[in-house]
Amino acid sequence: MTPARLLIPAFALLLLALSGCAKKTAEAARDITPEVNAYYQAHPDFFTFAKPADLPADLAWQDGRDVPEFSAPEAKRGGTLHGFIDDFPRTLRFIGPDANGSFRNYILDDNALTLVQRQPNTGQYYPALAKSWALSADGRTMYFRLDPDARYSDGAPVTADDYLFAFFFFRATYINEPWYNNYYTTNFANVTRYDDHTLAVTWKESKPDIYDRLGSLSPVPQHFYKELGADFAQRYQWRLEPTTGPYTVLPEDIHKGTSIDLTRVKNWWASDKPWFRHRYNFDRVSLQVIRDPDKAFEAFKRGDLDAAGLSLPKYWYDKLPDSDPLVQSGYVQKVVFYNEIPRPTYGLYLNSARPLLDNRDIRSGINFATNFQLVIDQYFRGDYQRMQSTADGYALVPLAGIKSRPFSVDDALASFAKAGFTKRGPDGILVDDKGRRLSFTVTSGYAALKDVLSILKQEALKAGLEFNIEVLDGTTAWKKVQEKQHDIAFTAFNTGIEMYPRYWENFHSVNAHKPQTNNLTNLADPEIDALIKRYDRATSMDEIRDLATQLETRIREQAVFVPGFEMPFYRSGFWRWVKWPKDFNVRLSQAAMDQGLAWIDEDTKKETLDARASGKTFQPSITTYDQWKRKD
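The structure displayed is predicted, hence computed values, not measured ones.

Colleague: It is not clear to me how the sheet that holds strand β22 (residues 561-563) should be interpreted in this structure. Could you clarify?
Modeller: Sheets are built from strands that pair by backbone hydrogen bonding, the pairs being arranged parallel or antiparallel. The strand order across the open sheet formed by five strands is β20-β19-β21-β15-β22, and the pairing between neighbours is mixed. In this open sheet, the two strands that pair with only one neighbour each are β20 (466-471) and β22. The mean angle between the axes of side-by-side strands here comes to 25°, regardless of whether they run parallel or antiparallel. By the bridge criterion, three bridges tie strand β19 (residues 439-444) to strand β21 (residues 488-491) in an arrangement that is parallel. Note that in β21 the partner of Val442 across the bridge is Ile488. Sheet strands touched by helix α15 (residues 450-461): β19, β20 and β21. Its angle to β20, the strand with the most contacts, is close to 165°.

Written as structure tokens, this is what we have:
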């Protein structure tokens, strides 16, 4: 049954008026449903309604005016960027079942604005939805003055009420998101509304990264969710939440199964603001569904797509070598860009709730029997590096002494023997006294990396271990592993640009044995739970580093994750009409397009297409940008 969605009746307002706090709530938080209003009243210590005169008098307000911009003033606005996705999104919701797919980056992660944002070269903070901000003396509360120009894509203004509503929304059981429910319930102490454009948010303790934690909050447009109820997932399945960012999806641009386009918001409110001008330059981003990555690459070489990722060696060295006519003619340009970010966690996630995988000795043996170093040397041609932990790449958390297990047939066999697997069957696979074979299915949504799994399969046979390879489309694979129906998942979590890693999502027992969580290993270890609790409440970097090392040590002991590989760069190819700033990109970029710095030069596009028709060529361009390459 869904909650009532009627306007609050007059007699209820009369009852609310009997309570000073309730009356203040009803007056201050306008345009909300009775359910939301009642929730605010039920949590008076968390939701505070104050006046501007109640703001602390000694606040030191900042506005980021000394932060350098990082876009190219010569950028041109207009044109359509043609790209692809490997599967059609299952929903346009940002949250709830099936929402955590790769398409969400286009409409949320790389699009929606937060209160303040980090300058991706210097690490300073610049204004976004907030025009100024201040930090309390105890380091727990941040105060924000919203930019009165800030608007959603439907034209509605962004107000402090949308931030109060965000806490109701993310705590609601309707959204079926345990992570959000936990995060917004256990970590925050208070949210205060002073007026339409002034608010404060308090964390439960002081943290070294308090600017990231509080400044990264996004509003939730309460006017859009007036029909919020138990049918949330179905009701909002194909209704795109109004965005504060530059791109939206129009209903007429949704062609299920074939393509989906993004359109730049008309008169986007931040278009000419410092730090946003000369960014997000495309009028449209057109995304075709091409499930086979090799076919997508062929489309790029034909000129149907404007850019392509070249990080995989087969694309960089084989399918588009430096000697390729497209490169030598100067029509297509190649780039290597070294970034400095926490690395995506590529590896094998062992489901410890499955038969045999519930045995730590077997999991340890699988770690020894998985030859990622050969994958790096052979498939990645030595360009990548071995991942050592679940959290590589955090500069302030080096995790000294944490190492992945090396490939060793002897060590693998010794571990398997402890679990009773000492004899090989006629096919070379180990069996125990019950006749059970040491055989598991490895599920992945990475069609482009199927050869990686072939190498792992062949090497594992040397230790009597069988990997049955199951490569599904990306969305189907992710759904399967989030529902914990896998034996072993070959996947990766993309990591945020944060000061230190998170562990609760992936390794706390509260997220084990249930669907739609990121604990893909179903790990439930009281010792790890206790360490995570201390880690999440830690207030100094020294304590955080110490607890992270303890956590990584214990996770390694449990052997639920086989660290895979990482790359300290990304490689891209693009037609010469796609233009970039002089330094190409920024230190904290995760991919070529994620900061919105590129643009299309229509004159160069015409020149290039005319040159192809006539046989004219240009100077080849193959460039390495290593200004952010780590020197160690």
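Colleague: What am I meant to see in the sheet that holds strand β7 (residues 188-195) here?
Modeller: Read from one edge to the other, the open sheet built from five strands follows the order β1-β7-β8-β6-β5, with strand pairing classed as mixed. In this open sheet, the two strands that pair with only one neighbour each are β1 (47-49) and β5 (130-135). Adjacent strand axes in the sheet meet at a mean angle of 20° when their direction is disregarded. As paired elements, β5 and strand β6 (residues 141-146) share five bridges and run antiparallel to each other. Each residue of the ladder has a partner; that of Ser132, found in β6, is Arg145.

Colleague: I'm lost on the environment of Lys462 in this one. Help?
Modeller: Mapped onto the elements of the fold, Lys462 is located in the loop between α15 and β20. Through-space distance from the C-alpha of Lys462 to that of Gly428 is 8.2 Å; in sequence the pair is 34 residues apart. Once you skip the residues sitting within four places of it in the chain, Lys462 turns out to touch Phe407, Val409 and Arg424. Among the polar contacts made by the side chain of Lys462, one reaches the side chain of Glu459 at a distance of 2.9 Å.

Colleague: Would you mind going over the packing of helix α12 (residues 360-369) against helix α14 (residues 409-418) with me for this structure?
Modeller: Axis angle and axis distance: for two packed helices, these are the angle between their axes and the distance between the axes, and together they describe the pair. Running from N to C, α12 and α14 point in directions that differ by 165°, and their axes come no closer than 8 Å. Comparing the axis directions of α12 and α14 gives the class roughly antiparallel. Crossing handedness for the pair α12 and α14: left-handed. On α14, the residues that touch Asp361, Ile362, Ser364, Gly365, Ile366, Phe368 and Ala369 of α12 are Asp411, Ala412, Ser415, Phe416 and Lys418. By residue class, the composition of the contact of α12 with α14 is six nonpolar, three polar and three charged.

Colleague: Sorry, what's going on with the environment of Pro342 here?
Modeller: Mapped onto the fold, Pro342 is located in the loop between β14 (332-338) and β15 (347-350). In this structure Pro342 comes out as buried when scored by relative accessible area, which is 5%. C-alpha of Pro342 to C-alpha of Asp594: the two residues are 252 residues apart in sequence and 15 Å apart in space. Those residues in contact with Pro342 that sit more than four places away from it in its chain are Asp392, Gly393, Tyr394, Thr495, Gly496, Ile497 and Glu498.

Cut-off values and rules
Throughout, residues of each chain are indexed from 1 in the direction in which the sequence is written. In view of the model being predicted, local features appear only for residues whose pLDDT reaches at least 70, and side-chain atom pairs are presented and counted only at 80 or more, with totals across whole chains, interfaces and linings using the full set of residues. Heavy atoms throughout the structure, all of them, feed into the side-chain values; hydrogens and water do not. For two strands to be treated as a pair, DSSP must find no fewer than two bridges joining them. Only DSSP runs of H or I covering at least 4 residues are called helices, and only runs of E covering at least 2 are called strands; the numbering of each starts at the N terminus. Axis geometry follows a simple rule: fit a line to the C-alpha atoms, using only the stretch in contact for helices, then measure angles between N-to-C directions, giving values from 0 to 180 degrees. Any pair of residues with heavy atoms lying within 4.5 Å of one another is described as a contacting pair. Side-chain atoms alone can form a polar contact between residues adjacent in sequence; in general such a contact is a pair of N or O atoms within 3.5 Å, and within protein one must be able to donate a hydrogen while the other accepts it. Should an angle fall under 35 degrees it is taken as roughly parallel, and over 145 as roughly antiparallel, whereas 65 to 115 is taken as roughly perpendicular and any remaining angle as oblique. Note on convention: near helix rotated counterclockwise from far helix by under a right angle means a left-handed crossing. Clockwise means right-handed. As a working rule, the residues Ala, Val, Leu, Ile, Met, Phe, Trp, Tyr, Cys and Pro are called nonpolar, Asp, Glu, Lys and Arg charged, and the rest polar, with Gly in that last group. Throughout, exposure labels follow a simple rule: accessible area from a 1.4 Å probe, protein chains only, divided by the maximum for the residue type, with under 20% read as buried, over 50% as exposed, and the rest as partly exposed.

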